[in-house]
Amino acid sequence: MSPQLPPVAPAVTAELVAALSPRLRKRLDSGIAKLADRPVVRDGAVVRIAVDDDTDLELHAPDGAVRGADAVRCGCLLAPDCLHRAAAASLAPVAEDTDSAAPQDHSAAEEDAAQAPETATPEQRAAVRAVQLATSAVLEAGTDGAGAVLQAELLRAAHTARLAGLHRAAATAVSVVTALRAARAGDPAYHLTDLAAGLYDVLSVAHRLPSASGGELTALRGSARQPYRPDGSLRLYGLFSEPVLTASGYAGAVTWTADAEGRLYQVSAVAPGGAGRAVGAADRTVRIGDTALTHRELARAGLAVSGATVSPTGRLGAGAGVRAVRAPGVGWHEEPVARLWAEPVPDQIARALAGGRDLLFLDVTLTGTAAEAAGDCLLADCSGVPLRLTAAHDDPALPHRDNLRLLSAARGTRLRVVARLTPAPHPRAQLLAAEHPTRADTRLDIGLDRLQGADLPTTAAAPSGSVPVPVPASASASDEAPIHLLRRRVHQTVSGGRPVLALPGDTRADARHLRRSGLTTAAELLTDLHSAAADRAHDVFGRLRPTGPDRFARAWLAAAHYTSELDRTLCLAAWTP
């Protein structure tokens, strides 16, 4: 996916792909690959792709994104019915909905909720069924088979869902397409678990919504706009900043602050862009009131805000009535922010797993490093719990991995850190910020500040590579838990599709292993998943008949739900000393 192309609205991509002839649809994926290698030039709001030496294709994005099919123009002889327009739209990042980020006052949000029907409307049922069918087709094909045509069908269904007021299903479906494109392009930022989680959420919403009512239905619908609530005057203390770099083509920075009660607030600056924008965003001025603070400065200072407006997730609004001035900050060991680290770790984990904030405030002792398939991770002891701290981003323009590598040399150093929970059967989190290993009065934003060898304790030497260390016993036991036999099949389906599970083979040994371990339900789910994958009938000529879309998707959803809930339980247990 080219970061130079402007984001394209889901409906535009769906429209352009649907207009292709059957012959051109078969050539779409190869057309995208060819277009990805062509030169790209930006001229203001217009991006030009040189299709060949004599032909240009233009994407017009006056507001930063392509919002209409007529904004994609090609100069070839077959235009507008050519392959190039659909290929360009499929290659570009998926644009966010224009109304998804628009502020909404609290009274408007309450009015919307009051006017919402108690049960799903026929239009919503039809829209969520379309999302379900398109997602099931992607699941059956796997990442290797889910090309641009299947992606466009899912984008079309997402657009229909958004128009029907199903904003959660629409947004998650778009995120699935983004992850699919990253997987097929070999993007190092792609993670199979993220795509599996997206597919699970879409299918779960589609399964539950038709029969839901009341609060459950409201949650399943989601919200199109962030309702900003007036919050009076706030005295905030900076905690840290982190870069934002998404696969959908957005980048920037978010600075986290806390008030005297320990409530967290975010100040964000995110816009279309790539790694360069993420690196530089921390030195841009905070867009709240008349303050001249940069994000990097705010992370270490404070802010006094009057007329504040805040979203349900804690994001501060920047409306005309908001006033803000710089105020003194405090250290992590000083009140009021020190109370964030005083909360028991198991309580922080339980809140995160229940859908609350996923930031963890931990006191750790560094113990070394370990090599993993995704790269080295930093090992630490957290009150007797062996913890793995990983990089939040793999992009080489960001210093996450370099900082983790250097910190691994500071074995025995005790640090106060901020991390983001990664649900797993063993204690695991992404390291976001930390105290400096040698300067107690200095904080490090792991994704923005670069450590040097001179910053390490004098007894430590900068490592030249990963140092093998024994895997902690608790992590080893969790990794070998037999639930991995079911989880592996769930993930194999995402990558290889239904055909992988339909291959001949004896799955009874895995089912017996699960039963002997007391995981009878897991054994039944595994057996049903393989049975659904292999359930293909033949016609009188021996040809495979088309499969129904529901049974296999339901079997996979059940298996994914079971492993997700069990992983939550194992995660909470692993963090308890």
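In case you missed it, the structure is sitting above this.
Residues numbered from 1 in each chain as written. Predicted model: local features only at pLDDT ≥ 70, side-chain atom pairs only at ≥ 80, totals over all residues. Heavy atoms only, no water.

Chemist: Can you help me understand the overall build of the chain in this one?
Modeler: Counting its secondary structure elements, the chain contains 21 helices and 16 strands. Looking at the chain as a whole, 50% of its 577 residues qualify as buried. For the chain, long-range pairs separated by at least 24 residues make up 65% of all intrachain contacts whose partners lie at least 6 apart in sequence. Of the accessible surface of the chain, which amounts to about 25700 Å², a share of 53% is contributed by carbon and sulfur atoms. (Helix = DSSP H or I, 4+ residues; strand = E, 2+ residues; numbered from the N terminus. Buried < 20%, exposed > 50% of the residue type's maximum accessible area, 1.4 Å probe, protein only. Contact = heavy atoms within 4.5 Å. Areas by Shrake-Rupley, 256 points an atom, 1.4 Å probe, with all protein chains shown as cover.)

Chemist: I tried to follow the pattern of salt bridges on my own but got confused; where do I start?
Modeler: Should the charged atoms of two oppositely charged side chains come close, the side chains can pair. Applying the stated criterion to the full structure yields 29 salt bridges. With its nearest N and O atoms 2.9 Å apart, the salt bridge here joins Glu58 to Arg48. Placement of the pair is Glu58 in strand E3 (residues 56-60) and Arg48 in strand E2 (residues 46-50), with a sequence separation of ten residues. Among the residues examined, Arg48 registers a relative accessible area of 28% and is labelled partly exposed. A salt bridge links Glu372 to Arg388, with the shortest nitrogen-to-oxygen separation between them at 2.5 Å. (Salt bridge = Lys/Arg side-chain N within 4 Å of Asp/Glu carboxyl O.)

Chemist: What is the right way to look at the side chain of Thr172 in this model?
Modeler: With respect to the helices, strands and loops of the structure, Thr172 is situated in helix H8 (residues 167-184). If we ignore the near neighbours within four places in the chain, the residues touching Thr172 are Gly198, Asp201 and Val202.

Chemist: I'm lost on the state of the cysteines in this one. Help?
Modeler: As used in these notes, a disulfide is a covalent bond between sulfur atoms, one from each of two cysteines. Per the counting criterion, the structure on display carries zero disulfides. Summary of cysteine pairing: Cys74 is not part of a disulfide, and the nearest cysteine sulfur, belonging to Cys76, is at 3.6 Å. (Disulfide = S-S within 2.5 Å.)

Chemist: Help me understand a negative patch on the surface, please; the structure alone is not making it clear to me.
Modeler: A cluster of like negative charges, contributed by Asp52, Asp53, Asp54 and Asp56, occupies part of the molecular surface. Within the secondary structure, Asp53 sits in the loop between E2 and E3. (Patch = residues over 30% accessible without salt bridge, like charges linked within 9 Å, V, L, I, M, F, W, Y side chains within 5 Å. Lys, Arg positive; Asp, Glu negative; His and termini not counted. Charge placed at Lys NZ, Arg CZ, Asp CG, Glu CD.)

Chemist: How do you make sense of helix H7 (residues 148-163) when you look at a structure like this?
Modeler: Residues three or four positions apart in an α-helix share a direction because the helix packs 3.6 residues into each turn. With 16 residues, H7 extends 22 Å between its outermost C-alpha atoms, agreeing within 8% with the 22 Å of an ideal straight helix rising 1.5 Å per residue. What H7 keeps buried is the set Ala148, Gln151, Ala152, Leu154, Leu155, Ala157, Ala158 and Ala161. The elements touched by buried residues of H7 are helix H1 (10-18), helix H3 (28-36), helix H4 (83-91), helix H6 (122-145) and H8. Within two residues after H7, Gly165 carries a phi angle of roughly 85°, on the positive side. (Expected span 1.5 Å × (residues − 1).)

Chemist: Would you explain the pairing of strand E11 (residues 359-370) in this entry?
Modeler: A regular strand carries its side chains on alternate faces of the sheet. Across the twelve residues of E11, ten count as buried, placing the element largely inside the fold. Pairing analysis gives seven bridges linking E11 to strand E14 (residues 414-421), with the strands arranged antiparallel. If you follow Val364 over to E14, its bridge partner there is Leu415. Between E11 and strand E12 (residues 377-382), which pair antiparallel in sequence order, lie six residues; one of them, Gly375, sits at a positive phi of approximately 125°. (Pairing = 2+ DSSP bridges.)

Chemist: Got a minute to help me understand the nonpolar core in this structure?
Modeler: For soluble globular proteins, the rule of thumb is that nonpolar side chains tend to be buried together. Formed by 59 residues in total, the largest nonpolar core has its most connected members in Leu199, Leu209, Leu486 and Trp556. Every residue in contact with Leu209, bar those within four places of it in the chain, is listed here: Ala120, Val128, Leu166, Leu217, Leu220 and Arg221. Among the nonpolar cores identified, the runner-up in size contains 34 residues, and Ala9, Leu20, Ala69 and Ala89 belong to it. (Core = buried A, V, L, I, M, F, W, Y, C linked by side-chain atoms within 4.5 Å.)

Chemist: Explain the pairing of E2 to me, please; I cannot follow it from the model alone.
Modeler: With four of its five residues buried, E2 lies for the most part within the structure. Relative to E2, strand E1 (residues 40-43) is paired through four bridges, and the arrangement is antiparallel. Note on E2: the bridge partner recorded for Asp43 is Val46. The sheet contact formed by E2 and E3 spans five bridges and is antiparallel. Across the sheet, Ile49 pairs through a bridge with Leu57, a residue of E3. Here E2 folds back onto E3, and the loop between the two strands holds five residues.

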